[in-house]
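For reference, the chains in residue letters:
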Amino acid sequence: NAGVTQTPKFRVLKTGQSMTLLCAQDMNHEYMYWYRQDPGMGLRLIHYSVGEGTTAKGEVPDGYNVSRLKKQNFLLGLESAAPSQTSVYFCASSDSGGNYEQYFGPGTRLTVT
Amino acid sequence: SQQGEEDPQALSIQEGENATMNCSYKTSINNLQWYRQNSGRGLVHLILIRSNEREKHSGRLRVTLDTSKKSSSLLITASRAADTASYFCATATWNRDDKIIFGKGTRLHILP
């Protein structure tokens, strides 16, 4: 099992460009999450999904969109990147929401210039 | 807004000593989890303690939960260099247990 994978690992964008981050899990988990991690801020939840075809807003959703068309994949989109979106992005999945452990991907380091 | 707050923010101890980190939270919880993050890596789950539990052990880890004080502690005994990492607590609240909220973490450095 690969667990949770994220692509790409690194990306540099110019302000205003768009991109999509892909998260894939092979554990048949219902719940998937996107977080961003900034220095001194811990992890903040961007969007999450409680099952295929569902999405919900987290703590810091502005400027991001997500889609969960297939159970194993969770996509995070930036339509018009801003320097404030420079961060490390982590995807996670879980069998049953907050009642069980989350499994994390290795992260994507995004720089917006 | 972050629910959990770890204390201290940073901790340096000698190899072999015990390390204790604390987490305080604000609202009633369903469970509290501890995660470890090595530099440049994703988070790894360490232990989950439910609101009706007071103490759990896993290897060299001991977690306590005091719901009356809304606090938890993580004890790592006989620390090793490989324990150098950031440690985060995360809470799932009763009315929103579809997600967890992370604190800002404690950076632990084990000195040789």
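Heads up: the structure comes first, above all this text.
> Go over the environment of Thr93 of chain B, please, and point to the residues and values.
All names here are of chain B. Counting through the fold element by element, Thr93 comes out in strand 9 (residues 85-93). On the basis of relative accessible area, Thr93 is assigned to the buried category, the value being 13%. In this structure, the C-alpha to C-alpha distance between Thr93 and Ser28, residues 65 residues apart in sequence, is 6.0 Å. Contact partners of Thr93, with chain neighbours within four places excluded, come to Gln3, Thr27, Ser28, Ile29 and Asn30.

> Provide a residue-level description of the packing of aromatic side chains, including the pertinent values.
Across all of its chains, the model carries 8 aromatic pairs over all chains by this definition. Measuring from centroid to centroid gives 5.9 Å for Tyr33 of chain A and Tyr48 of chain A, while their planes differ by 15°, and the two rings are stacked. In this pair, Tyr33 of chain A sits in strand 4 (residues 31-38) while Tyr48 of chain A sits in strand 5 (residues 42-49), placing the two residues 15 residues apart along the sequence. Each of the two residues, Tyr33 of chain A as well as Tyr48 of chain A, counts as buried. Consider the rings of Phe104 of chain A and Tyr35 of chain B, whose centres lie 5.8 Å apart with planes at 80°: the pair is edge-to-face. One end of the pair, Phe104 of chain A, is in strand 10 (residues 102-104); the other, Tyr35 of chain B, is in strand 4 (residues 29-37), on a second chain. Classification of Phe104 of chain A as buried rests on a relative accessible area of 11%. It is Arg50 of chain B that lies over the ring of Tyr100 of chain A; its NZ or CZ is 5.6 Å from the centre.

> Describe unusual backbone geometry, listing the residues and the values that go with them.
Each neighbour pair has its own omega, and for Thr7 of chain A with Pro8 of chain A the value is -5°, a cis peptide bond. By secondary structure assignment, the location of Pro8 of chain A is in the loop between strand 1 (4-7) and strand 2 (10-13). Between Asp7 of chain B and the following residue, Pro8 of chain B, the backbone shows a cis peptide bond with an omega angle of 0°. Topologically, Pro8 of chain B is positioned in the loop between strand 1 (5-7) and strand 2 (10-14).

Cut-offs used in this document
- Residues numbered from 1 in each chain as written.
- Chains lettered and ligands numbered in written order.
- Predicted model: local features only at pLDDT ≥ 70, side-chain atom pairs only at ≥ 80, totals over all residues.
- Heavy atoms only, no water.
- Helix = DSSP H or I, 4+ residues; strand = E, 2+ residues; numbered from the N terminus.
- Buried < 20%, exposed > 50% of the residue type's maximum accessible area, 1.4 Å probe, protein only.
- Contact = heavy atoms within 4.5 Å.
- Phe/Tyr/Trp six-rings, centres within 6.5 Å; stacked < 30°, edge-to-face > 60°.
- Lys NZ or Arg CZ within 6 Å of the ring centre and 35° of its normal.

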